[in-house]
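# Structural features, examined
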Amino acid sequence: MARYVFITGGVVSSLGKGLASAALGALLQARGFSVRLRKLDPYLNVDPGTMSPFEHGEVFVTDDGAETDLDLGHYERFTGVSARKTDSVSSGRIYSTVLEKERRGDYLGKTIQVIPHVTNEIKEFLSIGADEVDFMLCEIGGTVGDIEGLPFFEAIRQFTHERPRGECILMHLTLLPYLAASGELKTKPTQHSVKELQSIGLAPDVLVCRSEHPIPEKEREKIALFCNVRKEAVIAAYDLKTIYEAPLAYHREGLDQAVLDAFQISPAPRPNLARWIDVMDRLDNAEGQVRVAIVGKYTQLEDAYKSIAEALTHGGMANRVRVKAEWIDAETFEREDPAPWLEGFHAILVPGGFGERGTEGKIRAAEFARTRQIPYLGICLGMQMAVIEAARNLAQLPDAGSEEFDLEAGGKRFTPVVYHLKEWVQGNHKVERKASDDKGGTMRLGAYSAHLVEGSLVARVYGTTVIEERHRHRYEVDIKYRKMLEAAGLRFSGMSPDGRLPEIVEWADHPWFIGVQFHPELKSKPFAPHPLFADFIRAAVEVSRLV
Ligand code: GLN
């Protein structure tokens, strides 16, 4: 049975709980333990799939097709453990399950209450797969004291109480604000947030204190005394220059040791940190820099394309160069010539997106990359727009468009080269959708395999001809137009196993132009950069050497 670490946060939000959880996962792995990370979000949306990327950041998709919080992306990037549907839950999902059960009559006429029905549902969720790993790390979203979070905290209290002693611990993240006027770090907010936890029957075993200044020994002692935590379990978390420093930094501060001590695991296995030392060596000792333009829609919030930004960094690490990603709003190219904006970049990436806004600009970016022979990586919508560009400008389909957009805009009649997919095969069963379906969870989601054409650029990049990648989309390039597009030089170099769905396109006479219907960024890790990103950056390095 797994040991449980519950991770909570106090004082303010955005303390980096997700990162601390992911780093702890990596450190436990480095000591030879197996881990699984899990996120419990107090909001009422059933999942983040329908939430705006502007508000919530990227939606992270798992192999088994769950649309989850972006923290699961951190978990995967730090541990390499593929997250599952059952690693992410929200209050909305819990309540919706409880209500479904109530409607079915499962509760045999009982009055349904937060305790025990909602808390039981949460505890059941916590227990899934508990016998598969040594440690289960469960992060609770939000801040202690939030109304929505209460059922989760209560469930943790019960869960801990019901398990044998010493099998569950609580790690709490707080902030030590610095008062410049008195030159002091203040511990009172931390004391208060621990009190808040204590008032609901929880007590932290490890306190992780975010601070912009070194924490003096005296303050550490004070926190330990007032918060009822061992002094060695008061862990400092300072600002880092890159998130990938977190495992080594937390190790230096004694986090993994404090956690193992809290479980009374002694002697603790020695850690092997070689993987993280190599990661930091690649980041610290990068030679040269490439500039990559990301022409997208959600450019104000960096979290909206979190995995892409990380995958580009990994691509840089694979080539020992720094990647400078610069975000450009695609709508700019609907008003202005892209040339002055894009000249000087060593590569162009058009990411995924939803809706029509900015798409004409993305088409122009794809055209610029094609005609100027600049490396181009089109992801999902970025692939669809590259296909429309090819259709319009080279395959005699001047009115090519997508069913996602208004096909009759401006009195025109567009040709749906990209159409709304309503039926497809997953494994050995057929999936069907209607245009009127709910928006939540109805896309082509999760891992699907693709067969690559031998001798193609992508087959070389992957070093194989069968791949599996994660999807999240409703629309698809229509195979009806394959002949016309191939005649124009656009190769369909990756297809679904049944040969019906184009998964990858590439220009045969271009140094590096690839469009993929899936999201390769979701599977990239700092210690295992995704081959598409690694080779995309390699191509960018080549361009940088020419100029
Ligand atoms: N909006 C497009 C579709 O649903 C692309 C989705 C995406 O880029 N993730 O097919």
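Now for a description of the structure that goes with this document. This is a predicted model, so every value here is computed, not measured. (Residues numbered from 1 in each chain as written. Predicted model: local features only at pLDDT ≥ 70, side-chain atom pairs only at ≥ 80, totals over all residues. Heavy atoms only, no water.)

Turning next to the packing of aromatic side chains. Applying the stated rule across the entire model yields 13 aromatic pairs. Summarising the aromatic geometry, the rings of F78 and W276 are spaced 5.3 Å apart at their centres and angled 15 degrees between planes, so their arrangement reads as stacked. In this pair, F78 is assigned in helix α3 (residues 71-79) and W276 in helix α11 (residues 274-284), connecting sequence segments 198 residues apart. Just as F78 is buried, W276 falls in that class too. Ring centres of Y305 and W327 lie 5.6 Å apart, and the angle between their planes is 10 degrees; on these two criteria the pair is classed as stacked. A residue pair is termed long-range when its members are at least 10 positions apart, and Y305 in the loop between β12 (289-296) and α12 (306-319) and W327 in strand β13 (residues 322-329) qualify at 22 residues. Take W327: its relative accessible area is 24%, and that puts it in the partly exposed class. Of note, R275 hangs over the ring of F527, and the distance from its end group to the ring centre comes to 3.6 Å. (Phe/Tyr/Trp six-rings, centres within 6.5 Å; stacked < 30°, edge-to-face > 60°. Helix = DSSP H or I, 4+ residues; strand = E, 2+ residues; numbered from the N terminus. Buried < 20%, exposed > 50% of the residue type's maximum accessible area, 1.4 Å probe, protein only. Lys NZ or Arg CZ within 6 Å of the ring centre and 35° of its normal.)

As a packed pair, helix α1 (residues 17-30) and helix α9 (residues 246-253) sit with axes 9 Å apart at the nearest point and diverge in direction by 80 degrees. Overall, the two elements α1 and α9 adopt an arrangement that is roughly perpendicular. Together, L19, A20, A23, A26 and L27 of α1 and A246, P247, Y250 and H251 of α9 make up the contact between the two elements. Taken together, the residues that form the contact of α1 with α9 break down as eight nonpolar, one polar and no charged. (Axes fitted to C-alpha atoms, helices over the stretch in contact; angles between N-to-C directions. Parallel < 35°, antiparallel > 145°, perpendicular 65-115°, else oblique. Contact = heavy atoms within 4.5 Å. Nonpolar A, V, L, I, M, F, W, Y, C, P; charged D, E, K, R; others polar.)

The next thing to look at is the nonpolar core. Most often, soluble globular proteins have nonpolar side chains that are buried together. Of all hydrophobic cores here, the largest spans 61 residues; its most connected members are V5, F135, M171, V206, V208, Y250 and L255. If near-sequence neighbours (up to four positions away) are discounted, V5 is found in contact with L24, F135, M136, L137, C138, I169, M171, V259 and F263. Ranked by size, the runner-up nonpolar core spans 41 residues in total, among them V295, V477, L485 and M495. (Core = buried A, V, L, I, M, F, W, Y, C linked by side-chain atoms within 4.5 Å.)

On to the site of the ligand, then. All residues adjacent to the ligand are G352, G353, F354, C380, L381, Q384, E404, R472, H473, R474, Y475 and H519. Within the contact set of the ligand, a nitrogen atom lies 2.7 Å away from a side-chain nitrogen or oxygen of E404. Within the complex, 99% of the 290 Å² of free accessible area of the ligand lies under protein. (Near = heavy atom within 4 Å. Polar contact = N/O pair within 3.5 Å; in protein donor to acceptor, adjacent residues only side chain to side chain. Areas by Shrake-Rupley, 256 points an atom, 1.4 Å probe, with all protein chains shown as cover.)

So, on to the side chain of D535. Mapped onto the elements of the fold, D535 is located in helix α19 (residues 531-546). A polar side-chain atom of D535 sits 3.1 Å from a polar atom in the side chain of R460. Non-local contacts of D535, meaning those with residues more than four positions away in its chain, are made with R460, V461 and W512.

For the rest of this paragraph, the subject is the sheet that holds strand β1 (residues 3-9). Sheet strands pair via backbone hydrogen bonds, and the direction of the pair is either parallel or antiparallel. The strand order across the open sheet built from seven strands is β5-β2-β6-β1-β7-β10-β11, with neighbouring strands paired in parallel fashion. Looking at the sheet topology across the chains shown, the edges are occupied by β5 (88-90) and β11 (234-238). Neighbour to neighbour, the strand axes of the sheet diverge by 20 degrees on average, direction disregarded. Relative to strand β7 (residues 168-175), β1 is paired through six bridges, and the arrangement is parallel. Across the sheet, the residue bridging to V5 is I169, located in β7. (Pairing = 2+ DSSP bridges.)

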